[in-house]
Amino acid sequence: DYDSSINPSATEIWGNYIDENCDGIIFRPQEQCLPSVGLASGFTLFTGLGAITHDATVSNITGDIGTDSGAITGFELSTVTGIFRTANSTTQTTKQDLISAYTMFQNLTPTVTDHAPAFGSETLTAGIYSIGGAGSLGGILTLDGQNNPNGRFVFKFGGAFTTVAGSSIVLINGALPKNIYWIANGAAALAANVVFNGTIINNAALSVGAGCQLNGKLLTTTGAITVLGSTLVNSGAVLNTFYVDND
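Residues numbered from 1 in each chain as written. Predicted model: local features only at pLDDT ≥ 70, side-chain atom pairs only at ≥ 80, totals over all residues. Heavy atoms only, no water.

Colleague: Would you explain the confidence of the model for the protein chain in this entry?
Modeller: Keep in mind that low pLDDT regions are not for reading the predicted coordinates in detail. Put simply, the protein chain has an average pLDDT of 85, and 82% of its residues get 70 or more. Within the model, pLDDT remains below 50 along residues 1-31, and this stretch shows 73 contacts once partners closer than five positions in the same chain are excluded. Confidence drops under pLDDT 50 across residues 237-247; counting only partners more than four residues distant or on other chains, this segment forms 39 contacts. (pLDDT = per-residue confidence, 0-100. Contact = heavy atoms within 4.5 Å.)

This is how it looks when you write it as C-alpha cells:
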C-alpha cells in the first residue's frame, strides 16, 4: 500500500496504532469520555474522500499521508518520514474511525458556550468550547494546562474554521498538542506562517499556507487537502482513554 513513486525516501515509523475507545469506567456522572481517532492517530494528513496535493515548494512532514479515494501528488521535493497510503484496507478503516470520531466529538456536551467565535489574544484552560457557527484564530492564543498532563482542550465549531496569517497557539504549564482538538463543520484553513498546536478534524476541504508549523494532525472525513511548503509533525497518538470534568 506504499507508492514509492510519490517519495522514494519515505519510511514507516508508525508501528502500532492504539485504538482507545470510550468504554472505560466513568467514575463521576459529570465526566465525559472523549473519542479516539483510531487508526487516524498515525496520520499527519488524511482525507476519507479527496486528493492531497502539494505545490512546488518543500515541506518537512513527519507522519503518514493518506486518502481513501483520491491521488497524492506534489511531494517529490519534500522530506516525508512516513508512508503514503491510498485506497487500501488501512485507509478504509481509518476513514470509518475518523467518521465515528468526528460524530462523537460533535456530540460532546460543551463546558463553555459563551465564548466569541474568534479565539486569540487570551489565555484559556482545558474544557470543551462550543461555537454555534464559524470560528477563527487570530493573534496569540495561550492554552494553559495548569500542570495537568491530562488536561484536554476541545474547540467545536458549527461552521468553518479559519486562521489569520501569522497567528499562533502557545502552550504553557504542561498543555500538550496531542490533547488539543479543533472540530469544524465545514472547511478548515491554516493561513501563511501560522504556528498551530492540535488536531483539526472536519468534514470539508483542508488547506495549509506557506511557512506553517504544525504540531498535530489534519484530518477530514471528506474533502481535498492542499499544502504549501510547511513543517508538519504528528504529535503522537492518544495513549489513554481520558475524561473532561464539566464542573
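Colleague: For this particular structure, what's the right way to read the sheet that holds strand β6 (residues 72-73)?
Modeller: Within a sheet, adjacent strands bond to each other through the backbone by hydrogen bonds, running parallel or antiparallel. Spatial strand order, β6-β3-β22-β20-β18-β15-β12-β9: 8 strands in an open sheet with parallel pairing. At either margin of the open sheet sits one strand with a lone partner, and together these are β6 and β9 (118-119). Relative to strand β22 (residues 225-227), strand β3 (residues 52-54) runs parallel, the two sharing 3 bridges. Looking at the pairing, T53 lines up with T226 of β22. (Pairing = 2+ DSSP bridges. Helix = DSSP H or I, 4+ residues; strand = E, 2+ residues; numbered from the N terminus.)

Colleague: Would you mind going over helix α1 (residues 89-106) with me for this structure?
Modeller: Side chains that are three or four residues apart share a direction in an α-helix, a result of its 3.6 residues per turn. When the terminal C-alpha atoms of α1 are compared, their 26 Å separation across 18 residues agrees well with the 26 Å that a helix rising 1.5 Å per residue should span. Within the sequence span of α1, burial applies to T90, T91, T94, D97, L98, A101, Y102 and F105. Seen end-on, α1 carries its buried residues on one side only, within an arc spanning 135 degrees. Capping of α1 at its N-terminal end is provided by N88; its side-chain oxygen lies 2.9 Å from the backbone amide nitrogen of T90. (Expected span 1.5 Å × (residues − 1). Buried < 20%, exposed > 50% of the residue type's maximum accessible area, 1.4 Å probe, protein only. Arc of directions from axis to C-beta. Polar contact = N/O pair within 3.5 Å; in protein donor to acceptor, adjacent residues only side chain to side chain.)

Colleague: Whenever I open this one, the environment of R85 confuses me. Can you help?
Modeller: Mapped onto the fold, R85 is located in strand β8 (residues 84-86). In the structure, R85 is positioned 18 residues away from T67 in sequence and 6.5 Å away in space, judged by C-alpha atoms. Side chain to side chain, R85 and D64 meet in a polar contact 3.1 Å long.

Colleague: Can you walk me through the pairing of strand β21 (residues 213-220) in this structure?
Modeller: Within a regular strand, the side chains alternate between the two sheet faces. Of all the 8 residues making up β21, 6 are buried; the element is thus mostly covered by neighbouring parts of the structure. Bridge count for strand β2 (residues 43-47) against β21 is 3 bridges, and the pairing is parallel. Paired with L45 across the bridge in β21 is L218. Bridging between strand β19 (residues 195-202) and β21 involves 8 bridges; their strand directions are parallel. Bridge assignment links G198 to a residue of β21, and that residue is G216.

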